[in-house]
Amino acid sequence: MLHRLSLRVLPSLTLAVTEDAVRKQKRIVMFVPGIVAFVLYRAAKYVVSLAEPITLLVLSALIAAMTAACAYRVGRRLPFGQILGADGISRVLWILGWVGLVYGIQLSLLVLALLWLVGYDFNQHPDGPAMMAIIISCTAVARDAFEIGYVRFLQAAGRPFATFPDGTALRALLGESKPVVIRWVFAGLAICGGIAAIMIYLTPSRGQIFVQLFMVTLGAGAMTLFAYFDGRQRNEGWFPGVMSASWAELMKFLWWPGFAFGATYYLVVLGALLFPLQQANPTANVLVASAGGVGALMALYGYYLGYRRNVEDRVRHDVPVSLLRCPFVVGILSRSGIGTVSGDAPSTQPTLKNSGQEV
């Protein structure tokens, strides 16, 4: 779900995909696949048993991959036959495999886990949860694939972006093996894993998962916030950045993406344990490992997002916007690696004090 975080935290991407015209088209792009997914779900019921979690997830993944391809084409504004030559096979496979298949499975597990928490168990009532898992994941995939396609359309038209939401910049950051990144990953692992371990001994077994979900959400959200400001401040550390930010900015980021995605990832893991893995009563070690993994991932993503926000800010401050509109200057910046990743050019969008989100 890193692409979703990038699209809503990094200002250049957020501004691009929240323009009024884009929002109107996006509503249609989300509505139509939802109807198609419902029809496919009704037809699939007569062919396969959707009471089996694996079958449901496979069907959801296939529908999501098809949806991702179609929504990306709409946002990209190119025929299918030209997309491969224009964007390359690696990006097309990423759209189909990661934004489609993997993201679709994650969202389906999230829906099943949420319904289980409120007493609507897929194992007891498969039809309703199965339908919602397919339709909700399909519409979310359509939204994100369309936005990514539109960003790529703007990029191909000459509008530069410091970060393309495909994880290339994250892989480059991990390739550098920076000690600060390793520290945040281990901090998230230790803190959230420790919280989960403590909750096992303080809460009765019946309510452990609910209490752990709440506590891990708080821990992972806080780790995301601190890691984000550490990445954004770079040499100054996270504490000065947190102290200089307004309470509104802190609470907004803490709520989204901190708490929201901390809970999301924990619920995805919980859904995987409950349904495809059939772990109705996960052991203490499994719960601790799950919580630690969520904390480590959120700390990593938080630092990465702050680091990329710092790149955008430095490019805007160092180079006049008028020059950034010149293709010749953009080419020089791309070759020199200033504010770019894998040839992506720097952003010309104005700075946002607060990063926002929009459904």
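Residues numbered from 1 in each chain as written. Predicted model: local features only at pLDDT ≥ 70, side-chain atom pairs only at ≥ 80, totals over all residues. Heavy atoms only, no water.

Caption draft 1: Region of interest: the pattern of salt bridges. Within the structure shown, the criterion is met by 14 salt bridges. One salt bridge connects arginine 8 with glutamate 147, and the closest N-O pair in it is separated by 2.6 Å. Placement of arginine 8 in helix 1 (residues 2–9) and of glutamate 147 in helix 7 (residues 127–156) is noted, with a sequence separation of 139 residues between them. In this structure, arginine 91 and aspartate 166 form a salt bridge, with 3.2 Å as the shortest nitrogen-oxygen distance. Residue arginine 91 is found in helix 6 (residues 89–117), and its partner aspartate 166 is found in the loop between helix 7 and helix 8 (168–176); the two are separated by 75 residues along the sequence. One continuous salt-bridge network, built from bridges that share partners, spans Arg4, Arg8, Lys26, Arg143, Asp144 and Glu147. (Salt bridge = Lys/Arg side-chain N within 4 Å of Asp/Glu carboxyl O. Helix = DSSP H or I, 4+ residues; strand = E, 2+ residues; numbered from the N terminus.)

Caption draft 2: Representation of the side chain of threonine 264 in the model. Take threonine 264: it is sitting in helix 12 (residues 247–274). Among residues more than four places away in sequence, those in contact with threonine 264 are Met1 and Leu110. (Contact = heavy atoms within 4.5 Å.)

Caption draft 3: Region of the structure containing the packing of aromatic side chains. What the rule picks out here adds up to 11 aromatic pairs. Geometrically, the ring pair formed by phenylalanine 226 and tryptophan 238 is tilted, given 4.6 Å between the ring centres and 35° between the ring planes. Residue phenylalanine 226 is located in helix 10 (residues 208–233), and its partner tryptophan 238 is located in helix 11 (residues 238–244); the two are separated by 12 residues in the primary sequence. Considering the side-chain rings of phenylalanine 261 and tyrosine 265, the 6.5 Å spacing of their centres and the 50° angle between planes classify their relative orientation as tilted. You can see phenylalanine 261 and its partner tyrosine 265 sitting in helix 12, four residues apart, about one turn around the helix. The residues phenylalanine 261 and tyrosine 265 share a single accessibility class, namely buried. Above the face of the phenylalanine 80 ring, arginine 73 is positioned so that its terminal group lies 5.9 Å from the ring centre. (Phe/Tyr/Trp six-rings, centres within 6.5 Å; stacked < 30°, edge-to-face > 60°. Buried < 20%, exposed > 50% of the residue type's maximum accessible area, 1.4 Å probe, protein only. Lys NZ or Arg CZ within 6 Å of the ring centre and 35° of its normal.)

Caption draft 4: Representation of helix 1. Counting buried positions along helix 1 yields eight of eight residues, so the element is predominantly enclosed. Residues of helix 1 that are buried: Leu2, His3, Arg4, Leu5, Ser6, Leu7, Arg8 and Val9.

Caption draft 5: Just the environment of valine 99, in detail. Looking at where valine 99 falls in the secondary structure, it is placed in helix 6. On the accessibility criterion, valine 99 (0% relative accessible area) is buried. Remark: the alpha-carbon pair of valine 99 and alanine 68, spanning 31 residues in sequence, is separated by 6.7 Å.

Caption draft 6: Inspection of helix 7 at higher detail. Between its first and last C-alpha, helix 7 extends 43 Å over 30 residues, near the 44 Å set by a 1.5 Å rise per residue. Where burial is concerned, most of helix 7 is hidden: 23 out of the 30 residues are buried. One or two positions beyond helix 7, positive phi appears at glycine 158, with a value near 110°. (Expected span 1.5 Å × (residues − 1).)

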